[in-house]
Amino acid sequence: MNTPNITRRHFFQDCAVGTGKIALASLLAESAYGAAKSPNVAASSHFQPKAKAVIHMFMAGAPSQLEMFDHKPMLTKYEGKPLPPSVIGGQRYAFIRPDAAVLGPRFKFAKHGQCGAELSEVLPHLATIVDDIAIVKSCRTTQFNHAPAQIYMNTGFSQPGRPSMGSWITYGLGAETRDLPSFVVMSTGSGISGGAACWSSGFLPSVYSGTRFRNTGDPILNVSTPEGITPGTQKDTIELINSLNHRRLKLDGDGETATRIANYEMAYRLQTSAPELMDLTKEDEATLKMYGCDPKVPSFARACLLARRMVERGVRFINIYNEGWDAHSNVEGNVRNNCKNTDQASAALVKDLKQRGLLDSTLVVWGGEFGRTPMVEASVSLGRSMGRDHHPQAFTMWMAGGGIKGGVTMGATDEMGFNIIEDEVHVADIHATILHQLGMDHERLSFRAAGLDFKLTGVEPCKVIRQIVG
């Protein structure tokens, strides 16, 4: 009789007739040290972390770096003329020809702070915190269409099916709260091209998937007790379901059954914790004004304020998706309107975390899936004019807190803003840096699936962005 290989994970799955699996499968189980830990946790942090939580503000649609961060006066000089073929090379575009005319920057730029960071006039609030952030002007991706690029930025792979950053991080580090999900997703628009694949747990157990909070009504579907259900009826129902789930777990040891148990327990606690979290009436007027937040109106500002409240309550990873940056036409109006909706709250989040002593332990990340072309997009048939197409060769992101150096601007593009000429940063480098600040080595955080050891950062060489980490 052949005996299967028994790993530590199998031992915990099967020991004590399944009770060990039940305990480990709950995000809510209390550890011997009194803190709630994650199910099936892969490891503690590999080294001393700088951050313990992440807030990722994802600007879906790709903001134009040339209107916000990467000032290129040479574009004004050559406006209306095509870029030289030697600059473009064999680059493909989604909607324009390679010989499209240059479009100059639409806004004025100025230097700010002690560090002298150069920003556009549409970012007056971010200008007040440049000494607290690191601006990376040399980001690059391999994807030039929205859905694969968004999935790539969020999961490290361009196709659905891989775990998202939040899933990897909660798998590796576990939870710090027993009353809220460790990984929360908020959306401040109509939806993103990459869809739920951007916060999926992929081949990791589904307990690591992001929990989406809604903008209106109950923050989470099916958490509120339905009308006509008494507390006694609810208690009896939950106990019956829990008993059946534990019986099933005892029979087959399926991790998804353990996930179901954990989800029911979490849902029960969320009936109290979620309404308290979402109630902004206790926030003082000065804080609401700083964010530009009306507590009753769904907005990016409201999501940012909720993110700060989540960090205070121990949520590990928070995604805020802000859609609408796809400026194929009227890039000037697109950037102006989006900055009006996001600039104040983005800066307020950093200020608020700092004044509450939370910025040192919270890593804030801002950026989209790629950049926009130096050339103009115009199409009579599509009704487009004065826009910019997708540009994977160069775009800008910024980070703050969690051990990131403030007042740093790194990386550079050529005089046309087309190619990176200094300190190229790949998407995998961004992921490696985020994991590093959380105390995890991207080479060691892995999960075996289909006979392979998968990592967030994939198999190609990548690096921590040493220029911006403290």
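Cut-offs used in this document
- Residues numbered from 1 in each chain as written.
- Predicted model: local features only at pLDDT ≥ 70, side-chain atom pairs only at ≥ 80, totals over all residues.
- Heavy atoms only, no water.
- Helix = DSSP H or I, 4+ residues; strand = E, 2+ residues; numbered from the N terminus.
- Contact = heavy atoms within 4.5 Å.
- Areas by Shrake-Rupley, 256 points an atom, 1.4 Å probe, with all protein chains shown as cover.
- pLDDT = per-residue confidence, 0-100.
- Axes fitted to C-alpha atoms, helices over the stretch in contact; angles between N-to-C directions.
- Parallel < 35°, antiparallel > 145°, perpendicular 65-115°, else oblique.
- Left-handed = near helix turned anticlockwise from the far one by under 90°.
- Nonpolar A, V, L, I, M, F, W, Y, C, P; charged D, E, K, R; others polar.
- Buried < 20%, exposed > 50% of the residue type's maximum accessible area, 1.4 Å probe, protein only.
- Polar contact = N/O pair within 3.5 Å; in protein donor to acceptor, adjacent residues only side chain to side chain.
- Salt bridge = Lys/Arg side-chain N within 4 Å of Asp/Glu carboxyl O.
- Disulfide = S-S within 2.5 Å.
- Phe/Tyr/Trp six-rings, centres within 6.5 Å; stacked < 30°, edge-to-face > 60°.
- Lys NZ or Arg CZ within 6 Å of the ring centre and 35° of its normal.
- Pairing = 2+ DSSP bridges.

1. Remarks on the overall build of the protein
So, step 1. Summing up its helical and strand segments, the protein has 13 helices and 17 strands in all.
So, step 2. When contacts within the protein are restricted to residue pairs at least 6 apart in sequence, long-range pairs at least 24 apart make up 77% of them.
So, step 3. Per element, the accessible surface of the protein, about 20500 Å² overall, is 52% carbon and sulfur.

2. Quick notes on the confidence of the model for the protein
So, step 1. Taken as a whole, the protein shows an average pLDDT of 87; of its residues, 85% reach a score of 70 or greater.
So, step 2. Scored below 50 in pLDDT, residues 1-43 makes 76 contacts in the model with residues more than four places away or belonging to other chains.

3. As for the packing of helix α11 (residues 300-312) against helix α12 (residues 331-355)
So, step 1. In the contact formed by α11 and α12, the axes pass within 8 Å of each other and the chain directions differ by 15°. Between α11 and α12, the angle falls in the class roughly parallel. Like other packed secondary-structure pairs, α11 and α12 cross with a definite hand, here right-handed. In this structure, α11 contributes F300, A301, C304, L305 and R308 to the contact, and α12 contributes N341, T342, A345, S346, L349, D352 and L353.
So, step 2. Taken together, the residues of the contact of α11 with α12 break down into seven nonpolar, three polar and two charged.

4. Observations regarding the environment of G113
So, step 1. Examined against the element boundaries, G113 turns out to sit in the loop between β2 (109-112) and β3 (117-120).
So, step 2. On a C-alpha basis, the gap between G113 and T128 in space is 7.0 Å, while along the polypeptide they are 15 residues apart.
So, step 3. In contact with G113, not counting residues within four places along its chain, are V130 and D131.

5. What about the side chain of Q143?
So, step 1. Note that Q143 resides in the loop between β4 (133-140) and α6 (146-155).
So, step 2. Classification of Q143 by relative accessible area gives buried; the value is 17%.
So, step 3. Among the polar contacts made by the side chain of Q143, one reaches the side chain of T142 at a distance of 3.0 Å.
So, step 4. Sequence-distant contacts of Q143, defined by excluding residues within four places in its chain, comprise P148, A149, Y152, S158, F370 and P392.

6. Structural notes on the pattern of salt bridges
So, step 1. One pass over the full model with this rule turns up 22 salt bridges.
So, step 2. D70 serves as the salt-bridge partner of K72, at 3.6 Å between the closest nitrogen and oxygen.
So, step 3. Assessed through its relative accessible area of 10%, K72 is described here as buried.
So, step 4. With a relative accessible area of 3%, D70 lands in the buried category.
So, step 5. Residues E443 and K455 are paired through a salt bridge, measuring 2.6 Å at the closest nitrogen-oxygen approach. Of this pair, E443 sits in the loop between α13 (427-437) and β16 (447-449) while K455 sits in the segment after β17 (452-454), placing them twelve residues apart in sequence.
So, step 6. Residue classification places E443 among the partly exposed positions, given a relative accessible area of 45%.
So, step 7. The buried category is assigned to K455, whose relative accessible area is 17%.

7. Quick look at the state of the cysteines
Linking two cysteines covalently via their sulfur atoms produces the bond known as a disulfide.
So, step 1. By the definition in use, this model includes zero disulfides.
So, step 2. Note on C293: no disulfide assigned, nearest cysteine sulfur contributed by C304 at a separation of 9.3 Å.
So, step 3. Assessed through its relative accessible area of 9%, C293 is described here as buried.

8. Some points on the packing of aromatic side chains
Each aromatic ring pair is specified by the distance between its two centres and by the angle formed by the two planes.
So, step 1. Per the stated rule, a full pass over the model turns up twelve aromatic pairs.
So, step 2. Look at F203 and F447: their rings are 5.9 Å apart centre to centre, the planes differ by 15°, and that puts the pair in the stacked class. In this pair, F203 is assigned in the loop between β5 (183-187) and β6 (211-213) and F447 in strand β16, connecting sequence segments 244 residues apart.
So, step 3. On the basis of relative accessible area, F447 is assigned to the buried category, the value being 14%.
So, step 4. The rings of W168, Y171, F203, Y208, F447 and F454 are connected pair by pair, giving a single aromatic cluster.
So, step 5. One residue, R162, lies across the ring of F157, its end atom 3.8 Å from the ring centre.
So, step 6. The ring of F95 carries R384 above its face, with NZ or CZ at 4.5 Å from the centroid.

9. Quick notes on the pairing of strand β1 (residues 53-60)
Residues in a regular strand point their side chains to alternate faces of the sheet.
So, step 1. With eight of eight residues buried, β1 is to be regarded as a mostly interior element.
So, step 2. Of the two faces of β1, the one carrying A53, I55, M57 and M59 and the one carrying V54, H56, F58 and A60 are both buried.
So, step 3. With six bridges connecting them, β1 and strand β8 (residues 362-367) associate as parallel partners. The residue bridging A53 from the neighbouring strand is T362, located in β8.
So, step 4. Where β1 and strand β7 (residues 317-323) come together, seven bridges link them in parallel fashion.

10. Focus on unusual backbone geometry
So, step 1. Positive phi, normally seen in glycine, also occurs at M386, with a value near 55°.
So, step 2. Judged by its relative accessible area of 37%, M386 is partly exposed.
So, step 3. Phi at A450 takes a positive value of approximately 55°, unusual for a residue other than glycine.
So, step 4. Relative to the assigned elements, A450 resides in the loop between β16 and β17.
So, step 5. Residue A450 is classed as exposed on the basis of its relative accessible area of 83%.

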